[in-house]
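# Working through the structure, step by step
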Amino acid sequence: MTADRVDPGPSERAAVAALADEFLKSLREWITIPSISTDPAHHGDVAASARWLADALRADGWPEVAVWDHGPALPAVYACWPADDPAAPTVLVYGHHDVQPVDPPEAWEHPPFAGVVVGEELFGRGASDDKGQVAMQMLGVRAHLAATGARAPAVTLKFFVEGEEESGSPHLADLLDRHAADLACDLVVFTDTPLHARDAPTVNTGQRGVLGAEVTFTGGASDVHSGRVGGGVPNPATALARLVAALHDDDGRVRLPGFYADVAEPTAAERADYAALPFDEADWLAANAGGARAVAGEAGWSTLERVWVRPTAEVNGISGGYTGPGLKTIVPREASVKLSFRLVPNQVPAAVADGLREFVAAHTPDGITARVALRGDGTPPYAVDVAHPAAVAVHVAVSEAFGQRARYSRTGGSGPAAVLHATLGVPVVYLGATLPDDRIHAPNERVVLPLLLRGAEAAARLWRSLPERLS
Ligand SMILES: [Zn+2]
């Protein structure tokens, strides 16, 4: 498609419109359940949310619905609706039904668990992340059936709606292992990412990975007097500061050995799309960057590229020596830095960890002992090939539903998509219709309802088109 206007055609849109009132009523009800997975006091609510979802799926006609409750994992919901054609592809839709805490509660203009509608916006915790998008997918299935007049979807559909995503999905690998047969599929549709902007529909094509580590430099067995001894022994804090300063070169490139060896750059078409997306630096800084007053990063790449498709090293925190009130004249015995690396395709967390160890060894002076502690194995990055037939199908469906050619985007954060890809061994595509300024994880979370309806329409179009695209 070169023209920006895309003719939507009639039926899926009409089907969504006919179901819109019921959809909103149902989503508002779900939002009243405070399914906060990080707070043990709300674990009963997470279970209630799973039961609510299972009941709603049954009411929609899903023939197979189960709540997977394998403590200590919080309940996940699974559903399957087989296509009439046994040769049809199988698609697994991923989302989550747990939500973030609401602190501080006094900062909410509307109660977080009331589902208040103001104009086109629905307010509440989970309205955008991720109950709104899961409900959007449910509506998409209903609209698909209504638009096609069929009793079963054109592809075998499976829903897998996790209850611990906001807690870092600690049991996801275990669930995938335990239910490998149930979750077997040809494609994952991941529903937990936003559009770029209200008037700029996008198809997300990937997420960065992440590796966390802590580097500790230790000198002697105790802090020592900075007068009697200082100047005569290595200072772990000074040595650590040198290491931190050496992490980037003057062009903002990360200096770990081999760090860029596996980096795959986005295609020219993807870069052209990023460049064409509306982007106002001042607005972006104000809305996304905590009031930072300038952009910074790797030379040769735009801000969107720096946060979507380029790998990074960030200092998350530095500690060491005396930081209390007044002065304490010491040479500290120890200093440490917490680091996180965001990774892009095709970087491998273990290889980056090797590069970090090598870098630390090269920056450890005599008389200092270095320790590198990794935070788990890290999360790999993921990106789908935009030429994959499923990626093309999503792109066409979103373009049709939103009435203009969707552009490609990525997500700088990390999530379970890479885990799903690695475990299930199938491509992951992204279908989301929320906005970056929906204030997810913050007070006054909202979702823009007309966008969710467009997203449902895109899903309905996708289910109709996939059998032919994937054949
Ligand atoms: Zn989410």
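Okay, so let's go over this structure. Quick caveat, the model's predicted, so the values are computed rather than measured.

### So, the state of the cysteines
The tally for this structure, following the rule as stated, stands at 0 disulfides. Between Cys 80, a free cysteine, and Cys 185, which holds the nearest cysteine sulfur, the sulfur-to-sulfur gap is 11 Å.

### Points about the coordination of the zinc ion
With distances of 1.9 to 2.4 Å, the protein atoms coordinating the zinc ion are His 96 (NE2), Asp 129 (OD), Asp 192 (OD) and Asp 192 (OD). If you look at the zinc ion, its 4 donor atoms make angles of 56 to 147° with each other, and the shape they trace is irregular. Taken in sequence order, the residues that donate to the zinc ion follow the motif H-x32-D-x62-D. Of this pair, Asp 129 sits in the loop between strand S5 (121-123) and helix H3 (131-148) while Asp 192 sits in the loop between strand S7 (187-190) and strand S8 (202-207); the two residues are 63 residues apart in sequence, bridging distant segments of the chain.

### Quick look at the sheet that holds strand S3 (residues 90-96)
The mixed open sheet is built from 6 strands, whose spatial order is S1-S2-S6-S3-S7-S17. Unpaired on one side and paired on the other, strand S1 (64-68) and strand S17 (428-430) mark the two borders of the sheet. Within the sheet, the average angular offset between the axes of one strand and its neighbour, ignoring direction, is 20°. Inspection of the sheet shows S7 paired to S17 by 3 bridges, in the parallel sense. Looking at the pairing, Val 188 lines up with Val 428 of S17. Those strands touched by helix H2 (residues 43-60) are S1, strand S2 (76-81) and strand S6 (156-162), and its axis lies near 10° from that of S2.

### Looking at the sheet that holds strand S4 (residues 116-118)
The 3 strands lie next to each other as S4-S5-S18, forming an open sheet whose pairing is antiparallel. At either margin of the open sheet sits one strand with a lone partner, and together these are S4 and strand S18 (446-448). Strand after strand, the sheet turns through a mean of 25° between neighbouring axes, direction not considered. Relative to S18, S5 runs antiparallel, the two being bridged by 3 bridges.

### Thoughts on the packing of aromatic side chains
Considering all chains together, one arrives at 12 aromatic pairs under this definition. A centroid spacing of 4.7 Å and a plane angle of 10° characterise the contact between Trp 68 and Tyr 78, whose relative ring orientation is stacked. With a gap of 10 residues between them, Trp 68 in strand S1 and Tyr 78 in strand S2 connect regions that are remote in the sequence. For the pair shown, Trp 68 and Tyr 78 are each scored as buried. With centroids separated by 6.1 Å and ring planes inclined at 65°, the aromatic side chains of Tyr 94 and Phe 160 adopt a geometry described as edge-to-face.

### Observations regarding helix H1 (residues 11-31)
The end-to-end C-alpha distance of H1, which contains 21 residues, comes to 29 Å, matching closely the 30 Å that a straight helix rising 1.5 Å per residue would cover. Of all bends in H1, the biggest is about 50°, found at Ala 20. Buried within H1 are the following residues: Glu 12, Ala 15, Val 16, Leu 19, Ala 20, Phe 23, Leu 27, Trp 30 and Ile 31. Summarising the contacts, the buried residues of H1 are in contact with H2, S5, H3 and helix H13 (449-470).

### A look at the layout of surface pockets
Size it by volume and the second largest pocket reaches roughly 450 Å³. If you go around the second largest pocket, you meet 24 residues; those closest to its centre are Ala 296, Gly 297, Arg 306, Thr 312 and Glu 314. The set of elements that each furnish at least two residues to the lining of the second largest pocket consists of helix H8 (281-288), helix H9 (303-308), strand S11 (312-320) and strand S13 (334-343). Here the lining of the second largest pocket is composed, by residue class, of 12 nonpolar, 6 polar and 6 charged.

### Things to note about the environment of Ala 282
With respect to the helices, strands and loops of the structure, Ala 282 is situated in helix H8. Judged by relative accessible area, which is 51%, Ala 282 ranks as exposed. Along the primary structure Ala 282 and Ala 150 are separated by 132 residues, whereas in three dimensions their C-alpha atoms are 49 Å apart.

The rules behind the values
Residues numbered from 1 in each chain as written. Predicted model: local features only at pLDDT ≥ 70, side-chain atom pairs only at ≥ 80, totals over all residues. Heavy atoms only, no water. Disulfide = S-S within 2.5 Å. Donors = N, O, S within 2.8 Å, 3.2 Å for Na, K, Ca; no water. Tetrahedral: all angles 85-135°; square planar, octahedral: opposite > 155°, others 65-115°. Helix = DSSP H or I, 4+ residues; strand = E, 2+ residues; numbered from the N terminus. Pairing = 2+ DSSP bridges. Axes fitted to C-alpha atoms, helices over the stretch in contact; angles between N-to-C directions. Contact = heavy atoms within 4.5 Å. Phe/Tyr/Trp six-rings, centres within 6.5 Å; stacked < 30°, edge-to-face > 60°. Buried < 20%, exposed > 50% of the residue type's maximum accessible area, 1.4 Å probe, protein only. Expected span 1.5 Å × (residues − 1). Bend = angle between axes of the 7 residues up to and from the residue. 1 Å grid on protein atoms, 1.4 Å probe; cavity = no way out; pocket = protein on both sides within 12 Å on 5 of 7 lines; lining within 4 Å. Points joined across faces, edges and corners; volume = space filled by probe spheres on them. Nonpolar A, V, L, I, M, F, W, Y, C, P; charged D, E, K, R; others polar.

Geometric values such as these leave the question of function open.
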